[in-house]
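The chain contents come next:
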Amino acid sequence: MSFLSAARGVLERVLITISIVLMTILAVIVISAVIVRSAGSSFTWYDEVASVVLAWITYYGAALAALRRAHLGFPNIVGLMPTPIRLLALAISEGVVIFFFALAAWFGYQAIGLLSGDTLISLPWVKVEFVLSVIPIGAVLFILAELTTIPDRVREARFGAPPAEAIIVAEEDKS
Amino acid sequence: MSPLWLLAIFLFLIVLNTPIAIALGFAALIGYWSLFGFDALLNMAISLYQGARSFPLIAIPLFVFAGAIMNTSGISQRLVAFVSALVGFVRGGLAMVNIGTSLFFAEISGSAVADVAALGSILMPAMKKRGYPTNFTAAITSSSASLAIIIPPSIPMILYGAMTDTSIVKLFVAGVIPGLIGASLMFALAYGFAVRYNFPVEETFNLRHLWRTFKDAAWALLVPVIILGGIFGGIFTATEAAGLAVAVALFIGLFVYRELNLRMLLNAMTDGVIQTAVVMLLVAVSAFLGLYLTQTRVPQQLTVWMLSLSENPLIILAMLNVLFLAVGMFLHGAAAIVLVVPIVMPIANAIGLDPVQFGIIVTLNIAIGQQTPPVASVLMTACSIAKADVWDVSKVNVWFIGVLFIVLTLVTYVPYVTLVLVESFYG
């Protein structure tokens with residue numbers, strides 16, 4: 001097993017674990033809030049904390065989606081181009097993705113410094129820098145997910161990617 | 001930098017198969033950088049965070065998660081058996097079962113792709129085995145799943161509601177009548193095909209068999225009752241209904257049908273997170289794009305330009321529909337909503353269009369976009385499961401897209417169709 005595929009395996013396991021924990025937390029928070037409200041009470045922190053969990057799901061999930069190549073794209077046109085153009089398109093596209101998330105990570109880190117000392121309104125013991133950490137960490141994880149899947153992407157650009165529908169059919173056949 | 005240049009950058013990156021969310025974010029980044037300088041990009045990080053923590057959107061991961069649980073809990077087979085006992089005696093019974101089951105399933109998952117993936121793999125092989133043409137099978141499965149997104153709960157409606165600050169509950173209520181009209185038309189069209197091509201009858205109507213399949217599917221049927229009853233009755237918000245849908249789906253999967261194991265549950269959670277993140281990244285990035293659009297007043301300029309072409313609301317509505325249909329052909333539904341709705345909302349407001357009605361118009365356009373190549377996410381999924389050619393299926397599907405067009409026209413030009421239930425529920 002190559003270093004990249006091993007790194008990809010570790011990254012995937014970590015992201016899946018985080019995803020499961022976050023989805024569990026979100027479901028438990030919302031279901032508990034419904035029960036508590038039906039008993040005539042309410043959690044003061046419900047809206048704020050559930051929103052933070054959604055933001056965390058967004059960025060940790062986005063990194064996992066990058067690893068699984070699940071982000072929405074439009075492969076139809078590039079798929080019709082000759083191999084050198086496909087490779088060039090891949091290089092530009094990967095460059096843009098990494099540049100975007102590198103800036104998001106840098107400015108996310110800056111924002112943490114700027115807002116250090118602030119806390120959530122409903123839970124004053126939770127620092128904003130902790131909840132906002134999802135931007136730089138999520139951005140770095142996204143970049144790592146891109147880098148570890150580059151060999152697959154290059155192979156597809158060279159030899160042509162199986163269309164998405166073929167993958168679905170293969171999965172249907174397996175099940 | 002001019003907004004047109006940014007549009008060109010965005011389209012160029014889309015052609016290169018850059019993820020749509022990143023292409024959108026990159027175009028916004030270039031625009032914002034050119035307006036305010038490099039250091040101002042600090043606002044990008046903050047808006048990426050703020051954009052992802054929209055409270056109404058919490059319903060999305062929970063509905064997706066509930067749908068994934070129900071999908072692996074044996075619900076699909078039970079729904080098919082029940083609807084088959086209900087309408088299988090009609091000529092072309094399996095086609096009717098396909099439409100009927102799609103509508104039931106849509107009331108749980110809120111996603112057309114999930115609908116096709118869950119039901120298509122059961123119904124399409126069965127239809128092909130009974131002699132239905134493959135192209136017809138894929139077309140009806142695909143179109144009925146897209147019709148189902150205007151029946152609550154609906155992820156596009158949740159997105160639209162959050163982006164425009166419109167009541168998601170009212171959007172859900174408004175979708176019911178157009179959904180039922182569309183379903184009736186699809187049943188009629190499928191019957192027309194069945195008579196013309198002599199499709200088979202599945203089973204004779206038997207009240208005892210119907211009761212038996214109903215009892216078996218009763219728990220599954222309870223989920224939409226809880227979701228819709230709770231929302232329409234004002235007992236739950238859409239987010240709370242989504243949370244309850246998860247709780248009920250877990251209960252049914254673990255203790256009633258007992259077909260859900262830990263591995264399936266963990267996979268359902270992972271799928272739920274990935275599907276949510278794909279949509280939510282678009283939403284977060286659109287918040288950053290919103291900063292740029294606000295500064296450059298693009299929506300306002302577009303409004304002035306469109307109103308200079310015509311001030312007739314009927315013509316403006318037609319132009320908006322053409323715009324959404326064109327965008328829907330090339331972008332996935334979620335991307336079309338987060339990209340176009342904030343830009344055209346001032347136009348809808350300027351002609352006095354009810355935001356709830358506009359939400360249903362947008363959702364129907366998204367439904368049609370799911371059926372029109374080259375992107376056509378739902379059609380592609382149906383074709384892949386049926387192992388059919390997209391263009392051959394499209395030749396049949398054009399009839400079913402016609403049904404969606406009729407409903408779109410009704411919703412666009414007869415506000416009563418969408419607003420009557422909303423007004424009777426909420427005054």
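Everything quoted here is computed from the prediction, not taken from an experiment.

What counts as what
- Residues numbered from 1 in each chain as written.
- Chains lettered and ligands numbered in written order.
- Predicted model: local features only at pLDDT ≥ 70, side-chain atom pairs only at ≥ 80, totals over all residues.
- Heavy atoms only, no water.
- Helix = DSSP H or I, 4+ residues; strand = E, 2+ residues; numbered from the N terminus.
- Buried < 20%, exposed > 50% of the residue type's maximum accessible area, 1.4 Å probe, protein only.
- Contact = heavy atoms within 4.5 Å.
- Areas by Shrake-Rupley, 256 points an atom, 1.4 Å probe, with all protein chains shown as cover.
- Lys, Arg positive; Asp, Glu negative; His and termini not counted.
- Charge placed at Lys NZ, Arg CZ, Asp CG, Glu CD.
- Axes fitted to C-alpha atoms, helices over the stretch in contact; angles between N-to-C directions.
- Parallel < 35°, antiparallel > 145°, perpendicular 65-115°, else oblique.
- Left-handed = near helix turned anticlockwise from the far one by under 90°.
- Nonpolar A, V, L, I, M, F, W, Y, C, P; charged D, E, K, R; others polar.
- Buried area = accessible area lost by both parts, 1.4 Å probe.
- Salt bridge = Lys/Arg side-chain N within 4 Å of Asp/Glu carboxyl O.
- pLDDT = per-residue confidence, 0-100.
- Phe/Tyr/Trp six-rings, centres within 6.5 Å; stacked < 30°, edge-to-face > 60°.
- Lys NZ or Arg CZ within 6 Å of the ring centre and 35° of its normal.
- Expected span 1.5 Å × (residues − 1).
- Arc of directions from axis to C-beta.
- Core = buried A, V, L, I, M, F, W, Y, C linked by side-chain atoms within 4.5 Å.
- Patch = residues over 30% accessible without salt bridge, like charges linked within 9 Å, V, L, I, M, F, W, Y side chains within 5 Å.

Here's the deal with the overall build of chain B
Argument step 1. From N to C terminus, chain B includes 21 helices and 0 strands.
Argument step 2. Taken along its principal axes, the extent of the C-alpha atoms in chain B is 70 × 50 × 45 Å.
Argument step 3. Across the 427 residues that make up chain B, the buried fraction comes to 62%.
Argument step 4. In chain B, the share of contacts with a sequence separation of at least 24, taken over all contacts with a separation of at least 6, comes to 79%.
Argument step 5. In the structure as shown, chain B presents an accessible area of about 15300 Å², 66% of it carried by carbon and sulfur atoms.
Argument step 6. Counting 16 positive and 15 negative side-chain charges, chain B places the centres of these two groups 13 Å from one another.

Focus on the overall build of chain A
Argument step 1. Across its full length, chain A carries 7 helices and 0 strands.
Argument step 2. Structurally, chain A occupies a C-alpha span of about 65 × 45 × 35 Å along its principal axes.
Argument step 3. Within chain A, the proportion of its 175 residues that are buried is 44%.
Argument step 4. Pairs at least 24 apart in sequence give 76% of the contacts found in chain A among residues at least 6 apart.
Argument step 5. For chain A, the exposed area adds up to about 8600 Å²; of that, 70% sits on carbon and sulfur atoms.

As for the side chain of Ser286(B)
All names here are of chain B.
Argument step 1. Its location among the elements puts Ser286 in helix H14 (residues 262-296).
Argument step 2. For Ser286, a relative accessible area of 9% corresponds to the buried category.
Argument step 3. Other than its neighbours up to four places away in sequence, Ser286 contacts Met163 and Val338.

Brief notes about unusual backbone geometry
Residues and elements named next belong to chain B.
Argument step 1. Here Pro152 and Pro153 are connected by a cis peptide whose omega angle stands at -10 degrees.
Argument step 2. Mapped onto the elements, Pro153 comes out in the loop between helix H8 (134-147) and helix H9 (155-164).
Argument step 3. A positive phi is found at Asn17, a non-glycine position, where the angle reads about 70 degrees.
Argument step 4. Considering the arrangement of structural elements, one finds Asn17 in the loop between helix H1 (3-15) and helix H2 (20-36).
Argument step 5. Despite not being glycine, Asp165 shows a phi value in the positive range, around 60 degrees.
Argument step 6. A relative accessible area of 73% places Asp165 in the exposed class.

Let's talk about the packing of helix H1 (residues 3-38) of chain A against helix H2 (residues 46-67) of chain A
The description of two helices packed together rests on the angle between their axes and the distance between the axes.
All names here are of chain A.
Argument step 1. Relative orientation of the contacting elements H1 and H2 amounts to 155 degrees, with a least axis distance of 9 Å. With respect to H2, the element H1 is oriented roughly antiparallel. When you trace H1 past H2, the crossing you get is left-handed.
Argument step 2. In the contact of H1 with H2, the residues fall into 21 nonpolar, 1 polar and 2 charged.

Remarks on the side chain of Thr303(B)
Argument step 1. With respect to the secondary-structure elements, Thr303(B) resides in helix H15 (residues 298-309).
Argument step 2. Ignoring anything within four residues of it in the chain, the contact list for Thr303(B) reads Pro346(B), Ile347(B) and Ala350(B).

Quick look at the interface of chain A and chain B
Interface size, as often reported, equals the accessible area lost upon joining of the parts.
Argument step 1. Tallying the contact residues gives 62 residues for chain A and 64 residues for chain B.
Argument step 2. Buried surface at the junction of chain A and chain B, summed over both partners, amounts to about 5700 Å²; 80% is from carbon and sulfur atoms.
Argument step 3. Contact with chain B buries area across many residues of chain A, yet Leu72(A), Phe74(A) and Phe100(A) alone supply 14% of it, more than any other trio.
Argument step 4. The tally of links between chain A and chain B comes to 1 salt bridge.

Quick look at the confidence of the model for chain B
Argument step 1. The predicted model of chain B averages 88 in pLDDT, with 99% of residues at 70 or higher.
Argument step 2. For this predicted complex, the interface score ipTM comes out at 0.91, alongside a pTM of 0.85.

Brief notes about the packing of aromatic side chains
Argument step 1. Inspection of the entire model under this criterion finds 29 aromatic pairs over all chains.
Argument step 2. Geometrically, the ring pair formed by Phe99(A) and Trp33(B) is stacked, given 6.4 Å between the ring centres and 20 degrees between the ring planes. Here the residue Phe99(A) occupies a position in helix H4 (residues 83-114), and Trp33(B) occupies one in helix H2, the pair thus bridging two chains.
Argument step 3. Residue Trp33(B) is classed as partly exposed on the basis of its relative accessible area of 31%.
Argument step 4. Measuring from ring centre to ring centre gives 4.7 Å for Tyr32(B) and Phe36(B), while their planes differ by 50 degrees; the resulting arrangement is tilted. Of the two residues, Tyr32(B) and Phe36(B) are both situated in helix H2; the distance of 4 residues between them amounts to about one turn of the helix.
Argument step 5. Residue classification places Phe36(B) among the partly exposed positions, given a relative accessible area of 37%.
Argument step 6. Site record: aromatic cluster; members linked through ring pairs are Tyr132(B), Phe136(B), Phe193(B), Tyr197(B), Phe199(B) and Phe400(B).
Argument step 7. The ring of Tyr257(B) has Arg78(B) lying over it, and the distance from NZ or CZ to the ring centre is 3.7 Å.

Brief notes about the pattern of salt bridges
All names here are of chain A.
Argument step 1. Per the stated rule, a full pass over the model turns up 10 salt bridges over all chains.
Argument step 2. Of the charged contacts in the structure, one is a salt bridge between Arg68 and Glu12, with a shortest N-O distance of 2.7 Å. With a gap of 56 residues between them, Arg68 in the loop between H2 and helix H3 (76-79) and Glu12 in helix H1 connect regions that are remote in the sequence.
Argument step 3. Asp152 is the salt-bridge partner of Arg155, the closest N and O atoms lying 3.2 Å from each other. Placement of the pair is Arg155 and Asp152 together in helix H6 (residues 134-159), with a separation of 3 residues, close to one helical turn.
Argument step 4. Overall, the relative accessible area of 46% leaves Arg155 in the partly exposed class.
Argument step 5. A cluster of three or more residues bridged by salt bridges with shared partners is formed by Arg8, Asp152 and Arg155.

Let's talk about helix H11 (residues 176-197) of chain B
Residues and elements named next belong to chain B.
Argument step 1. The end-to-end C-alpha separation of H11 is 31 Å, in line with the 32 Å expected for 22 residues at 1.5 Å each.
Argument step 2. Burial in H11 covers these residues: Val176, Pro178, Gly179, Gly182, Ala183, Met186, Leu189, Ala190, Phe193 and Ala194. For H11, the buried positions fall inside an angular range of 150 degrees around the axis, keeping them on one side. With respect to the buried face of H11, the exposed residues turned more than 90 degrees away are Leu180 and Arg196.
Argument step 3. A positive phi of about 55 degrees marks Asn198, the residue just after H11.

Things to note about H9(B)
Each turn of an α-helix holds 3.6 residues, which means side chains three or four residues apart point in the same direction.
Residues and elements named next belong to chain B.
Argument step 1. Among the 10 residues in H9, 8 count as buried, and that is most of the element.
Argument step 2. All of the buried residues along H9 are Ile155, Pro156, Met157, Ile158, Leu159, Tyr160, Gly161 and Thr164.
Argument step 3. Backbone geometry just after H9 places Asp165 at a positive phi near 60 degrees.

Points about the nonpolar core
Most often, soluble globular proteins keep nonpolar side chains buried together rather than apart.
Argument step 1. Counting residues in each nonpolar core, the largest one holds 233 residues, and the members touching the most others are Phe101(A), Phe10(B), Phe136(B), Leu159(B), Leu282(B), Phe358(B) and Phe400(B).
Argument step 2. When neighbours within four sequence positions are excluded, Phe400(B) is seen to be in contact with Phe136(B), Ala139(B), Ile140(B), Ser143(B), Met186(B), Leu189(B) and Phe193(B).

Concerning a nonpolar patch on the surface
Residues and elements named next belong to chain B.
Argument step 1. On the surface, Trp219, Leu222, Val225, Phe251, Leu254 and Phe255 cluster together into a nonpolar patch covering about 540 Å² of accessible area.
Argument step 2. Of all elements in the fold, only helix H12 (207-232) and helix H13 (238-256) reach the threshold of two or more residues within the nonpolar patch.
Argument step 3. Here Trp219 is to be found in helix H12.

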